[in-house]
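Residues per chain are reported as follows:
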Amino acid sequence: MSIKGKHIVLGITGSIAAYKAASLARLLIREGAEVQVVITPSGKEFITPVTLSALTGKPVVSEFFTANDGTWHSHVDLGLWADLMLIAPATAATLGKMANGIADNMLITTYLSMKAAVMVAPAMDLDMFAHPSTTRNIEILKSYGNIIIEPAAGELASHLIGKGRMEEPEKIVERVRDFFGKQDSLSKKKVLITVGPTYEKIDPVRFIGNYSSGKMGFALAEECADRGAEVVLIAGPVSLSVSHPNIKRIDVESAEEMYQASISEFPTVDAAILCAAVADYRPQEQAKEKIKRKSDEMQISLVPNKDIAASLGEIKKEGQVMVGFALETNNEVENAIGKMKKKKLDYIVLNSLKDSGAGFRHDTNKVSILDESGNKTDFPLKSKTDVAKDIIDCCLGRKK
Ligand code: PMT
């Protein structure tokens with residue numbers, strides 16, 4: 001995706017990595033973007049405004065007023081002008097001010113007035129980056145919808161080795177390109193995603209469940225939301241948190257609760273991705289009191305749960321896309337095709353527990369995507385974030 005003609009406000013703060021902002025500005029301009037630098041007073045200690053204005057062809061903005069003629073620089077106008085605000089490098093102090101709305105410089109007032117998306121590339125020493133206050137501020141910024149470009153690990157200005165170094169300008173430009181490429185490709189679309197395990201109560205302290213962590217489904221939800229979709233995330237019991245403003249999360253525990261939530265949300269969505277590992281059976285009776293140990297054998301009678309995917313498949317309207325998952329241990333492709341047909345899915349994502357690093361709990365997955373016309377695309381082992389991108393490209397349309 002080209003960034004030609006895009007208006008980018010480049011925020012620079014007081015970090016040694018500010019020297020890299022010059023290359024960053026140059027790369028963005030070389031790709032055809034218009035760059036307006038806003039720099040904090042301490043940023044100017046690390047790189048001169050003259051260098052930056054020579055590179056961008058625009059006067060650098062730093063103060064609210066130009067001292068000699070009293071010209072007022074409008075942070076509100078910058079907020080309206082920009083297609084993206086990119087703060088690189090962002091110091092721990094700036095992250096804290098952004099998270100808490102401490103508008104004591106031009107950069108923060110511009111940030112608070114920003115109508116466009118904001119990307120933030122932190123840069124600081126490893127201990128500062130690892131400090132709980134930095135972690136908390138980054139979480140707060142994510143919850144505002146800001147995109148964090150994680151710092152890289154390596155040798156830092158302090159000569160210590162660890163995570164905190166601002167990502168390289170080339171990589172940041174790649175993220176900017178990617179952002180404009182995928183921005184809005186799912187806008188005006190609503191996607192339902194089921195995720196995690198379900199717990200089927202035996203008694204007040206025990207349940208039947210499975211090992212699903214929710215990682216795959218949460219990665220799908222974040223990716224759909226990043227591409228502009230409104231996401232309804234129906235989550236079984238998982239310990240993950242979600243921070244994107246486009247994601248509405250509905251927490252459920254049992255398959256029946258997941259079924260009820262899915263049936264009620266499905267009529268208004270454009271697509272459903274059924275990633276949850278739903279228990280196929282539940283105990284016929286749920287004991288009111290804790291079941292006591294007995295010396296002889298004990299049996300629990302199970303009754304089938306509703307098949308959520310199959311139920312949605314029955315009421316699917318034209319234009320709605322349904323993507324299911326198949327977690328298999330044997331006869332993988334045959335079983336996956338059988339499930340796709342039985343549940344009237346448009347696509348099924350097959351992952352096999354035979355592949356190491358795939359399936360439950362891992363940060364990675366290895367999938368094949370099958371469609372109803374019989375096409376099968378195999379993907380290598382990747383992070384669940386990248387697998388989510390492949391699934392969305394393949395099933396909900398490629399990036400623009
Ligand atoms: O959560 P993670 O730890 O990241 O792990 C990810 C995952 C392994 C759970 C995920 O990648 C996955 O494979 N999810 C589906 C697991 C599963 O239950 O597959 P299945 O073959 O039993 O079910 C087939 C399809 O029907 C699935 O889309 C499932 O959501 C759906 N289903 C199944 C039973 C049921 N009662 N209702 C359903 O909707």
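Residues numbered from 1 in each chain as written. Predicted model: local features only at pLDDT ≥ 70, side-chain atom pairs only at ≥ 80, totals over all residues. Heavy atoms only, no water.

This paragraph deals with the pairing of strand 3 (residues 84–90). Within strand 3, seven of the seven residues are buried, which leaves the element mostly enclosed by the surrounding structure. Relative to strand 3, strand 1 (residues 7–12) runs parallel, the two sharing four bridges. Opposite Leu10, over in strand 3, you have Leu86 as the bridge partner. Of the strand pairs in this sheet, strand 3 and strand 4 (residues 117–122) are connected by five bridges, and their pairing is parallel. Each residue of the ladder has a partner; that of Leu84, found in strand 4, is Ala117. (Buried < 20%, exposed > 50% of the residue type's maximum accessible area, 1.4 Å probe, protein only. Helix = DSSP H or I, 4+ residues; strand = E, 2+ residues; numbered from the N terminus. Pairing = 2+ DSSP bridges.)

This part takes up the sheet that holds strand 8 (residues 190–195). Sheet architecture is open: eight strands sit in the order 12-11-8-13-16-17-19-20, paired in mixed fashion. Pairing within the sheet leaves two strands with one partner each, and these edge strands are strand 12 (247–251) and strand 20 (376–378). Each strand axis lies, on average, 15° off the axis of its neighbour in the sheet, ignoring direction. Bridge count between strand 19 (residues 367–371) and strand 20: three bridges; the pairing is antiparallel. Counterpart to Ile369 in the pairing with strand 20 is Thr377. (Axes fitted to C-alpha atoms, helices over the stretch in contact; angles between N-to-C directions.)

Moving on, we get to the packing of helix 10 (residues 255–265) against helix 11 (residues 308–315). Where helix 10 contacts helix 11, the axes come no closer than 10 Å and their chain directions differ by 20°. Overall, the two elements helix 10 and helix 11 adopt an arrangement that is roughly parallel. For the pair helix 10 and helix 11, the sense of crossing is right-handed. Facing helix 10, whose interface residues are Ala255, Met258, Tyr259, Ser262 and Ile263, helix 11 presents Ile308, Ser311, Leu312 and Ile315. Here the residues of the contact of helix 10 with helix 11 sort into seven nonpolar, two polar and no charged. (Parallel < 35°, antiparallel > 145°, perpendicular 65-115°, else oblique. Left-handed = near helix turned anticlockwise from the far one by under 90°. Contact = heavy atoms within 4.5 Å. Nonpolar A, V, L, I, M, F, W, Y, C, P; charged D, E, K, R; others polar.)

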